[in-house]
Structures are given as C-alpha cells and as structure tokens.
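So you can see what is in the structure, the chains are spelled out below.
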Protein chains: 2
Amino acid sequence: MAEPLRIALAGLGTVGAGVIRLLDTNAALLRARAGRELQVVAVSARDRDKDRGVDLSRFAWDDDMTAMAARDDVDVVVELVGGADGPALTLARGAIAAGKALVTANKAMIAHHGPALAEAAETAGTALKFEAAVAGGIPVVKALREGAAANAIERIYGILNGTSNYILSTMEATGADFADTLAEAQRQGFAEADPAFDIEGTDAAHKLAILAAIGFGSRVDFAGVDCEGIARIRAEDIARAETLGYVVRLIGMADVETGPDGTPALLQRVKPCLVPRGHPLAHVTGATNAVVAEGNFSGRLLFQGAGAGAGPTASAVVADLIDIARQTKEGGEIGAPFSIPSAEMAPMARAESGHRTGRTYLRFTVADRPGVLAELTAAMRDAGVSIESLIQQGRQEEGGEVLVAMVAHEGPERNVAHALELLRGSDSLTAPPLSMQILEG
Amino acid sequence: MAEPLRIALAGLGTVGAGVIRLLDTNAALLRARAGRELQVVAVSARDRDKDRGVDLSRFAWDDDMTAMAARDDVDVVVELVGGADGPALTLARGAIAAGKALVTANKAMIAHHGPALAEAAETAGTALKFEAAVAGGIPVVKALREGAAANAIERIYGILNGTSNYILSTMEATGADFADTLAEAQRQGFAEADPAFDIEGTDAAHKLAILAAIGFGSRVDFAGVDCEGIARIRAEDIARAETLGYVVRLIGMADVETGPDGTPALLQRVKPCLVPRGHPLAHVTGATNAVVAEGNFSGRLLFQGAGAGAGPTASAVVADLIDIARQTKEGGEIGAPFSIPSAEMAPMARAESGHRTGRTYLRFTVADRPGVLAELTAAMRDAGVSIESLIQQGRQEEGGEVLVAMVAHEGPERNVAHALELLRGSDSLTAPPLSMQILEG
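Residues numbered from 1 in each chain as written. Chains lettered and ligands numbered in written order. Predicted model: local features only at pLDDT ≥ 70, side-chain atom pairs only at ≥ 80, totals over all residues.

> So what's going on with the overall build of chain A? Residues and values would help.
From N to C terminus, chain A includes 14 helices and 17 strands. The principal-axis extents of the C-alpha atoms in chain A amount to approximately 80 × 50 × 35 Å. Of the contacts formed within chain A by residues at least 6 apart in sequence, a portion of 75% connects residues at least 24 apart. (Helix = DSSP H or I, 4+ residues; strand = E, 2+ residues; numbered from the N terminus. Contact = placed C-beta atoms within 7 Å.)

Right under this line is the structure:
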C-alpha cells in the first residue's frame, strides 16, 4: 500500500470534529477506497482546551495554523476556519504556496477568492478542492466538474440554502407567518441567531457563483449575483401560490445568454420563486438542498441531499481527501479546480434580465378603498403587462389593508418592473409590492 | 496542451452515433475541460454502409473490432456493442489485454463479468469505466465511487428502469391497465418490441448489482438479485395504493446485514413497491431514473435524471473519457473500477429476507362467494400477520371475481410468505396473490 496521505486540519468546530469522527469511524473502508491511509498528523484551532468530543491527543497541535500548514510531514491542509478573508485566506494562500493540497468547506472564501486560489494551486501544481463549500453532503461540485463535464450546461438552478427552505416549507405546512417561523427555526437550531446570511440569500449566492463558474467556465462573479431574500414573504403569499398550483422556494439560478454580437453574458440570481407543484424542487422540504443542471446531452440532472450539518459536510471534505489520495498516489495530478484552467476562465459580462420573458406573481398590499384595483390594473395595462389571474380576497386585514395577488402572463420582465415603477409612491399601496418569478421547466 | 486522447469506438447504434455527435458538438469545451483533445481515430460496427447521420469518413474503419482495439494509435476503446458475452466481451478482454483503457455502456457485461474485467484492468494498469452502464446520464457510478466514498453506505435503492417507470406512472395517470399501457409505450418508443428485459426487472437488476458492488465493496452478484417485474400489477392495485397514500414503483434495493457471527450478507432485490406519496421517488414519473444512497455521514443522497437515450448515455460515456483524459495526462492512474481493488472485493453471502420486517400490501382476486374473506383473514391470523387495513370493493368483476386488497402491519416478511403459502391452491383464489412491500424511509 502507498504511503499515508498526511493531513493537517485547521478549525475544530462541529465540521472539524465531524471530519475526525468520520476518519475514525470509517477508517478501514477509507483505507480500502483511497488505497492508502488518510492520516491526520496535526490540528489547529483557536482554543486548545475546548472539549470537542474527539480525542485530539494523537495529533500534533500548532497554535499557528499557517506554520502548521507548511510542516514537512503534511500533504494536505483542510481549512475549516471560515470567513472569506482573514485567517482562512492567509492559511489557504500559505498552504498552497508551500505546495500542499488544500481542501476547504469555505464557500465565502471560494466565492470571493476562488479564481486567485485556483491559479495559485495550478501554478504550484497542487490540488484545491471545495466539494463541501456547495450544498453540504451532495457531491455537486464533482457532478458538475466531472459527472456532467461532457455537456454544455444550459442552466443551473436549485435550492441552495437549507435554512430558507426549512422556513418556507414550514410556513407552507403550518400556515404561520415568516417572523414566527424564523423564531421557531432558531429555537430548533435550523437558523442561526443572526440569520441574515441565510435568509437574505447571501449563502445561496456564494454557492451559485461557485457552481456557475464550474458549469459555464466563467470567472467566479459573486458580486454579479442579483440577490433577494425571503423575509418579505407572507403566509398569504404561500396560500395564494398554493391556490394557483405552486409552492414558494428560494431559487438560485444561473444561465448564459449570447448577445447579438455573440458575446456571452452570465445571469445569476437568487430569488424566491413560484415552483409548479409537478416540479421535483416543489417536493424538497426542510433543510434539504437540491441542484438541477441542464446539459445539452444529459438533459435535466437533479442532485439532492442534506445541505449542511457536521456529518454531510464531513462527508464532502473526506470525499475530496479520497480524490487527492487516489489521484496523487502515483504522482498524478488532480486537474483544474474549476474544471478548466483558471487562465481560461474568462470574466463574463453580466446579463441584463429585463428582456427575459416569464410569468410573474405579484402581490400588493393596498388600502381598502374604491379605485385601488383600477389603479393597479391601469398600471399593468400601461406597462404592457397582461394579467392571467387575480385574487383579491374579501377578508379585510387590520388597518384597512387588503392583499391583491395576480399572475402576469408570459412577458418581458422589464414590463413588470415598469408597472411597479408606475405604482411607486402611490398612496394606495400600504407596503412595497412583492414580485416572484414562476419557475419554468 | 497534452497529446490528444485517441479513441476507438466499437458499435455505432444510436448511442455510438450520439457519442460522435457529442464529441463534435461540444469539441471546444471538451478540449478545455479535458486538457487535451478527445479524438476518435477508428470506428467499427457490423454494417459499414448504414447511414447514421454522422460523418464517419474522418475515421479509420476496421471490420475486426478486436484488431481495431489493439491499434498502436489508440489509447481508449469505447465498447457500445452490447450483450453480456460474445463480441462485446471478446472486445473488452482484448482491449484491456492490449493495455487500452476501456469505456463501456454495457450493463449486462459489467453485471456478469465486471470483477474479472476489473481485475484484468488493474493488472494491466489501465482504466475500466462504465458510468453509462447505470442510469444513463446520471453520474451515479461516480457519485457512489467518489462523491459518497467517505461513507459506509447503509442502503442503495431507486428507480432503475425507465420503461417500467414510464408504464407505472402512465397507468397511474390514465387508470389504464398494464397490457394497454405497455402497448401504447411500445407505439411511442418507450418500450422495446420485446420488453421482457425491462418489465421483468432484469435491466434494473443489472444496474442494482453494479451499484451494490461499488457501494458495499462486494463482488458483483447479479445472480443474487431477487427479481420480480411489473406485469402482474393491475390498474386496481394502483388505484388502491393511491387510496392508501402510495404510488407503485419498481424499486431496486440493496443493503447489507450483519449476521450473529458478524458475517455480512447482501440483500439485493428488484420488486414493485408501494412508495409513500411524501417520498422523493413518488414524484419520479416517466422514463426517469432516480437513485438514493444512504451514507452513514452524508445521510440520504438522491440522484435523478434520464435513464436512457442516446444523449444522456453519450453524456456518461464522454464523462468517462474526460476522466481518463484528465487523469492519465501525466501518467497518473485512474483507480479501481469498483472503488476498491478487485482483489479486496469479497464474495458476500446472500441475505435471507424472511426475518426482515416491514409493511406489505397484499392483493387477492377471489371468487365472489360467502366465506372467502374469512378464509383469507384466517390464513393471515394463522401466519401471525396482523391486518392494518382491508378494502374489498363492492364492484363485481367479470366472471364473479372480486379484488381484496389489504395492508399488513409491520412484521416479518416470512409471516406474509407463510400466509400466502397457506392459501396456495385454495380454489377461492382466481389468480395468484400479489404482494408488494411498502418502502420505508
């Protein structure tokens, strides 16, 4: 059997402890599958004395993560520190510069610095792998980078944030409102004390930007993700969607359009959408993630599983370690982190979404007085938006507020935006309107 | 850029033509992703003159496939001839013996000869890859062999035959009976003129045996698959299942149990099952395949997509070619075909299913006369089977036949088998009873 793959592990939170537990629990089968031992030699974290439920006395401890990463007896560094910049980035750069392979679960760091790190790894002739950074235990980075690699990817979309999906599917099941459901999710540990990263779509946007880069061969462009969260969705929106045959999901979606001059442009967005009940994503409930990739030969591929948690994330981290152990055993190389060499990953223009066509759900909260419906429908007409269905529920809410929900026929997104623009500042509206696209396909 | 990967392609049916079309259509991106050109140099098929819609004049033609496979200017042989034995097997053995990498879509050959071919490939130091042999375009071999490789796999199950799923989901949608639906599927090209391989479960069993070997590290044991098809399912079964909250699906399932002496034993079966409407597999309709793998750290992973067809199958074949192109570029090796070296794949005992517990759907067609229900329920009682629900529909069928459907409470499978044994030969039964397990989880 080949020499052990020697691992240094930085960051010993729940995922770090999970990785050690996995390496212990599954040691025999990992040795068989990897063709050699996966051996942790050194660990590092902020607090040496904290009880993490795993025996760390077997490993060298180094308070200085970057010094640990450069140890002669280390082949791979596993970065589980977190944060886009700071110590995690310093560690990653240091490890790669020292010629070590790097495995990370850090989606923020890859979304912000992925191309630079990939370039460094390619130059150093070492591996950079980040399966755990996207969709937890689902091997979707591998699926896109390798499994679907024969295809021109036409569209990538999915449910990329477990917390948001837990909240939306719980609202659907209970009829409760957003704030109450979030509070309950926090009590149950499905949402962080500060949930902004999840419910505002940032976490999903990190993952989407990484997937888009792999799928479309473009340079990771996190700042180019058009991002909207779920905090404005009301119980009534979900009820109305249900009446119309839909469920509400936070969908990350990316595709490439080709301009009249042949230049490709990348559309990336994270937004709550209406998903038809017949679509596989409509049945994804709880903290599950699911990613769809549409290839020009494969057709629609769906990958689904736990999007977070110590076990699933550790599963992805160790899958990367096995890949490295297998592929570098005989001095082989591991290939470009984002599927194509980073030098070939072109920065891609950002697509304008206004000319996209689709069907849209619109919800207005309006004052309960004569003429309001006429005002809304006139704005639609003036903007060229054709109304497919409209529900104004009789029930009057507290404060004389009434909800009007409508679905606009297939048409350009810019017309809907124009209609909302016409209504901006109208004192008939008691709150800004909410619009959600209807997922096709 | 590295030297081209030189390919010989044997078999030019719809999949072979699809592979050539894919290599042409996506040539530029394949070159970028693989790091070198995927170049077909030679082709072979039975009929040279047949019009396949692709230009073959660019390639050398060799009537003798095995001679072609041994050409000096060939790195990889793609076997798309089909059949477990015969020319396909001769070709595969010859290619490996000549030190060529082998890519195949041939599930029958891998199910029957996978371990021997893997051993030959490992000895020759070359690659054997068969992503396209299981579930068409879904990269599920890779998902199990690599993506979920960190996990002890606890169970693998799924919808592994598109034709059967098309028939069952169409019966569900239309209420039509099996024979009519099969005939319609044949007219529409979703079922072969001779559908036995699909509807009797053989095709699903091939795929299951391959997945089980990868997941559990056991030697492929196709003969050990307990296999039952869908031909006996009636429209009434599907209607009754629906009433009870289930859909009917042909499920391939494998897991490993550990006997009292610690010896592992493999259970593999392909059978129609009742799937709860809340389960992701209940929403898989049409000719789609879906595979669930449950890992001890990852939890439940689901992979779904087109299970057959020229495009999806070509996508899987070319994904294997890209892997080989990437990993052998610098002389690296590609690893064991079944995840662990074939010498370590132990033949595993076959599990007895009788002590398994579960809930079971039972359907009897009985003569419409007094005392029949008493006879059925007495047999259940005598075998220790407890009845959870029973539907005897008032409607009398032609010939005085009545359908009685029941669901047995959670209990040992052997008790249900015993009850059916007690009823065997009873002249109250107008046809053999049908039993279907209820999928848990």
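Now that the structure has been shown, we can carry on.
> An account of the relation of the copies chain A and chain B is needed here, citing residue identities and associated values.
If you rotate chain A by 180 degrees and push it 0.0 Å along the axis, it lands on chain B with an RMSD of 0.0 Å. Those values place the two copies in the arrangement expected of a two-fold rotation axis. Taken as a fraction of all interface residues of chain A, those also at the interface in chain B reach 100%, which identifies the copy contact as same-surface. (Least-squares fit on C-alpha atoms with pLDDT ≥ 70 in both.)

> Could you give an account of the nonpolar core, with specific residues and numbers?
If you look at the biggest cluster of nonpolar residues, it comprises 310 residues, and the most contacted ones within it are Leu-321 of chain A together with Leu-321 of chain B. Leave out the neighbours within four places in its chain, and Leu-321 of chain A touches Leu-5, Ile-7, Leu-38, Val-76 and Val-103 of chain A. (Core = buried A, V, L, I, M, F, W, Y, C linked by C-beta atoms within 7 Å. Buried ≥ 20, exposed ≤ 12 C-beta atoms within 10 Å, placed from the backbone.)

> Let's hear about the sheet that holds strand E6 (residues 128-129) of chain A: which residues, and what values?
Residues and elements named next belong to chain A. Ordered by their spatial adjacency, six strands build an open sheet running E3-E2-E1-E4-E5-E6, and the pairing between neighbours is parallel. Of all strands in the sheet, those with a lone pairing partner are strand E3 (60-61) and E6, marking the two edges. Here strand E2 (residues 38-44) pairs with E3 via two bridges, running parallel. Of the residues in E3, the one forming a bridge with Ala-42 is Ala-60. (Pairing = 2+ DSSP bridges.)

> Which residues make up the packing of helix H2 (residues 27-34) of chain A against helix H12 (residues 310-327) of chain A, and what values do they have?
Residues and elements named next belong to chain A. In contact at an axis separation of 9 Å, H2 and H12 are set at 40 degrees when each is read in the N-to-C sense. Relative to H12, the element H2 lies oblique. Counted together, Leu-30, Arg-33 and Ala-34 of H2 and Ile-322, Ala-325 and Arg-326 of H12 form the full contact between these two elements. When its residues are assigned to classes, the contact of H2 with H12 shows four nonpolar, no polar and two charged. (Axes fitted to C-alpha atoms, helices over the stretch in contact; angles between N-to-C directions. Parallel < 35°, antiparallel > 145°, perpendicular 65-115°, else oblique. Nonpolar A, V, L, I, M, F, W, Y, C, P; charged D, E, K, R; others polar.)

> Kindly report on the sheet that holds strand E1 (residues 5-10) of chain B, identifying the contributing residues and their values.
Within a sheet, each strand pairs with its neighbour through backbone hydrogen bonds, oriented either parallel or antiparallel. All names here are of chain B. With parallel pairing, the six strands of this open sheet are ordered in space as E3-E2-E1-E4-E5-E6. At either margin of the open sheet sits one strand with a lone partner, and together these are strand E3 (60-61) and strand E6 (128-129). One ladder, built from six bridges, connects E1 with strand E2 (residues 38-44); its direction is parallel. Residue pairing across strands places Ile-7 opposite Val-40, the latter belonging to E2.

> Give me the lowdown on the interface of chain A and chain B, citing residues and values where you can.
Residue-level contacts link 50 residues of chain A with 50 residues of chain B. Contributions of two or more residues to the side of chain A that touches chain B are made by H2, helix H6 (140-147), strand E12 (299-306) and H12 of chain A. Here the side of chain A that touches chain B gets ten residues from one element, more than from any other, and that element is H12 of chain A. Of the residues that constitute the side of chain A that touches chain B, the class distribution is 23 nonpolar, 18 polar and nine charged.

> Let's hear about helix H11 (residues 235-244) of chain B: which residues, and what values?
Residue and element names in this part refer to chain B. Within H11, the full set of buried residues consists of Asp-237, Ile-238, Arg-240 and Ala-241. Seen along its axis, H11 keeps its buried residues to an arc of 165 degrees; they face one direction. Gly-245, located one to two residues past H11, shows a positive phi value of around 95 degrees. (Arc of directions from axis to C-beta.)

> Explain the packing of helix H5 (residues 107-124) of chain B against helix H10 (residues 202-216) of chain B to me, and be specific about the residues and the numbers.
Helices that pack against each other are described as a pair by the angle of their axes relative to one another and the distance between those axes. Residues and elements named next belong to chain B. Close contact between H5 and H10 brings their axes to 9 Å; oriented N to C, the two are set at 50 degrees. In terms of orientation, H5 and H10 fall into the oblique class. Taken as a pair, H5 and H10 cross one another with a handedness that is left-handed. Here H5 contributes Lys-107, Ala-108, Ile-110, Ala-111 and Gly-114 to the contact with H10, which in turn contributes His-206, Lys-207, Ala-209, Ile-210 and Ala-213. (Left-handed = near helix turned anticlockwise from the far one by under 90°.)

> Pulling in residues and values, what's your account of the confidence of the model for chain A?
The predicted coordinates of low-pLDDT regions are not to be read in fine detail. On average, residues of chain A score 94 in pLDDT, and 98% of them are at 70 or above. Here the prediction assigns the complex a pTM of 0.96, and the interface score ipTM is 0.95. (pLDDT = per-residue confidence, 0-100.)

> Before we move on, can you summarise the pairing of strand E9 (residues 246-258) of chain A with the specific residues and values?
The side chains of a regular strand alternate, first on one face of the sheet and then on the other. Residue and element names in this part refer to chain A. Taken across its 13 residues, E9 has eleven buried, putting it largely inside the fold. As paired strands, strand E7 (residues 153-159) and E9 are joined by four bridges and run antiparallel to one another. Each bridged residue has a counterpart across the sheet, and for Tyr-157 the counterpart in E9 is Met-253. Pairing between E9 and strand E10 (residues 264-276): 13 bridges, direction antiparallel. In the sheet register, Asp-255 faces E10, and the bridge partner there is Leu-267. Hairpin remark: E9 followed by E10, antiparallel, with five residues in the connecting loop; positive phi at Gly-262, about 85 degrees.

> With reference to specific residues and values, describe unusual backbone geometry.
All names here are of chain B. One non-glycine residue, Ala-135, lies in positive phi territory at about 60 degrees. Within the chain, Ser-339 stands out as a residue other than glycine whose phi angle is a positive 85 degrees. Looking at the element boundaries, Ser-339 is found in the loop between helix H12 (310-327) and strand E13 (349-350). When the 25 C-beta atoms within 10 Å are taken as the criterion, Ser-339 is described as buried.

> Can you break down the domain arrangement of chain A residue by residue, with the values?
All names here are of chain A. According to the domain assignment, chain A consists of domain 1 (5-137 + 310-344), domain 2 (141-306) and domain 3 (357-438). For domain 2 versus domain 3, the distance between C-alpha centres works out to 25 Å. Between domain 2 and domain 3, the contact holds 13 residues from the first and eleven residues from the second. Those elements giving two or more residues to the side of domain 2 that touches domain 3 turn out to be helix H11 (235-244), E9 and E10. No other element matches H11, which puts six residues into the side of domain 2 that touches domain 3. (Domains from an automatic or database assignment.)

> Which residues make up the environment of Arg-46 of chain A, and what values do they have?
The residue Arg-46 of chain A is located in the loop between E2 and E3 in this model. Between the C-alpha atom of Arg-46 of chain A and that of Asp-261 of chain A, which follows or precedes it by 215 residues, the distance is 53 Å.

> Quick rundown of the environment of Glu-192 of chain B? Include the residues and the values.
Residues and elements named next belong to chain B. Tracing the sequence through the fold places Glu-192 in the loop between helix H8 (178-187) and helix H9 (196-199). Given 13 C-beta atoms within 10 Å, Glu-192 falls into the partly exposed group. The sequence separation of Glu-192 and Thr-163 amounts to 29 residues, and the corresponding C-alpha distance is 8.6 Å.

> How would you summarise H2 of chain A if you had to cite specific residues and measurements?
Residue and element names in this part refer to chain A. Taken together, the buried positions of H2 are occupied by Leu-30, Arg-33 and Ala-34. Projected down its long axis, H2 shows its buried positions confined to an angular sector of 85 degrees, all on one face. Buried positions along H2 lie against strand E1 (5-10), helix H1 (14-25), E2 and H12. Positive phi shows up at Gly-35, right after H2, with a value of about 80 degrees.

> Summarise the environment of Leu-403 of chain A; cite the residues concerned and give the values.
Residue and element names in this part refer to chain A. Residue position: Leu-403 is located in strand E16 (residues 401-412). In this structure, the C-alpha to C-alpha distance between Leu-403 and Ile-438, residues 35 residues apart in sequence, is 19 Å. Setting aside residues no more than four positions away along its own chain, Leu-403 makes contact with Glu-236, Arg-363, Thr-365 and Gln-393.

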